[in-house]
Amino acid sequence: MKILEDLLSVLNYDCQVKDIRVGPFQTAVVTRNCGLASTPHDSGPHHQDSPVKEAGALLEKNPRALANMAKSEIELEASIGMATINSLIEIDESRCVELNAAELIASKGAGKRVAIIGHFPFVSRLRSIAGKLWVIEKRPREDDFPEEEAINLLPQADVVGITGTAFTNHTIEQLLKLCRQDAYVVVLGGTAPLSQILFDYGISAVSGTKVLDSEVVMRFVSQGATFRQIRGIRLLTMQK
């Protein structure tokens, strides 16, 4: 994916891999900073094989090699790569505001047609704000649409929210191509890279995470915390 290649090309790899934790819900990597990514719950056809081929030896990798795992077809490896990328990004906080993705999408999507890739906790609230809401989910529930419907629904949306895990499963470029050029597109979640590179691909805003306290975050990740339970982080939004 070109978007991944572009992300990888601008990183400073002059540091060490200090720690890696793969929790049931979140994956965290510490290099220069600490970065997060969602832990996939399904490793696809490789699940019965070895989801992380070099498990136990990853700390021996250099940051560049670990970040390049984001290109792996095995999602668990790719999530480690994305967490590494997020740990290496030097976030330009002058371009960011402390704004939750839910608030941003609600303000941009009021009375409009909104499509969300991923069933986020704010979906129920958004239903009363948006003129029309389509939630597209790999494992549909309630009024969700299956992921196959993205090809029909995304071109209709005025506002689109895409989970950062689309980087992990390598669907991000395909999803972006389905969005209208005039749509307001937000990439959100702990996996979302807070990098200006994303604006070159038609993305309007990135709502991601800056880790303030690596030790606290690693403890929460190791103890099975979901993203909403993790402390020691700031939720930041960077707009084009």
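This is a predicted model, so every value here is computed, not measured. (Residues numbered from 1 in each chain as written. Predicted model: local features only at pLDDT ≥ 70, side-chain atom pairs only at ≥ 80, totals over all residues. Heavy atoms only, no water.)

This part is about the overall build of the protein. Within the protein one finds nine helices and 11 strands. Computed over the C-alpha atoms, the radius of gyration of the protein is 17 Å, within 12% of the 18 Å expected from 2.2 N^0.38 for a compact globule of 240 residues. In terms of overall dimensions, the protein has C-alpha extents of about 50 × 45 × 35 Å along its principal axes. The buried share of the protein, taken over its 240 residues, is 53%. Partitioning the contacts of the protein with sequence separation of at least 6, the portion at a separation of at least 24 is 59%. Charge centroids of the protein, computed over 26 positive and 29 negative side chains, lie 5 Å from each other. (Helix = DSSP H or I, 4+ residues; strand = E, 2+ residues; numbered from the N terminus. Rg over C-alpha atoms; globule rule 2.2 N^0.38 Å. Buried < 20%, exposed > 50% of the residue type's maximum accessible area, 1.4 Å probe, protein only. Contact = heavy atoms within 4.5 Å. Lys, Arg positive; Asp, Glu negative; His and termini not counted. Charge placed at Lys NZ, Arg CZ, Asp CG, Glu CD.)

Attention now goes to helix α4 (residues 101–109). Looking at α4, one finds that the buried residues are Ala101, Ala102, Leu104, Ile105, Ala106 and Gly109. Where α4 is buried, its residues touch β5 (113–117), α5 (123–127), β8 (159–163), β9 (184–188), β10 (205–211) and β11 (233–239). N-cap assignment for α4: the residue whose side-chain oxygen lies 2.8 Å from the backbone N of Ala102 is Asn100. The positive-phi residue at the C-terminal boundary of α4 is Gly111, with phi of around 75°. (Polar contact = N/O pair within 3.5 Å; in protein donor to acceptor, adjacent residues only side chain to side chain.)

Here the focus is the sheet that holds β8. Spatially, β4-β11-β10-β9-β8-β5-β6-β7 is the arrangement adopted by the eight strands of the open sheet, whose pairing is mixed. Edge positions in the open sheet fall to β4 (96–97) and β7 (145–146), since each of these has one partner strand only. On the sheet, α4 packs against β5, β8, β9, β10 and β11 and is oriented at approximately 165° with respect to β9. (Pairing = 2+ DSSP bridges. Axes fitted to C-alpha atoms, helices over the stretch in contact; angles between N-to-C directions.)

Let us look at the side chain of Lys61. Among the secondary structure elements, Lys61 is positioned in the loop between β3 (34–38) and α2 (63–67). In terms of polar contacts, Lys61 uses its side chain to reach the side chain of Glu54, at 2.9 Å. Excluding its chain neighbours within four sequence positions, the residues that come into contact with Lys61 are Val17, Glu54, Leu66 and Met69.

Moving on: the pattern of salt bridges. Under the definition given, this model contains 14 salt bridges. The closest approach of N and O atoms between Glu5 and Lys71, which form a salt bridge, is 3.3 Å. With Glu5 in helix α1 (residues 2–9) and Lys71 in the loop between α2 and α3 (75–88), this pair connects stretches of sequence that are 66 residues apart. With relative accessibility at 38%, the residue Glu5 sits in the partly exposed group. (Salt bridge = Lys/Arg side-chain N within 4 Å of Asp/Glu carboxyl O.)

Right, let's get into α3. The end-to-end C-alpha separation of α3 is 20 Å, in line with the 20 Å expected for 14 residues at 1.5 Å each. For α3, the buried fraction is high: 14 of the 14 residues fall into the buried class. (Expected span 1.5 Å × (residues − 1).)

A few words on the environment of Leu154. One can find Leu154 in the loop between α6 (150–153) and β8. Classification of Leu154 as buried rests on a relative accessible area of 0%. Sequence separation between Leu154 and Glu54 is 100 residues; the distance between their C-alpha atoms is 38 Å. Discounting residues that sit within four places of it in the chain, Leu154 has contacts with Ala115, Ile117, Ile136, Val160, Leu175, Leu178 and Cys179.

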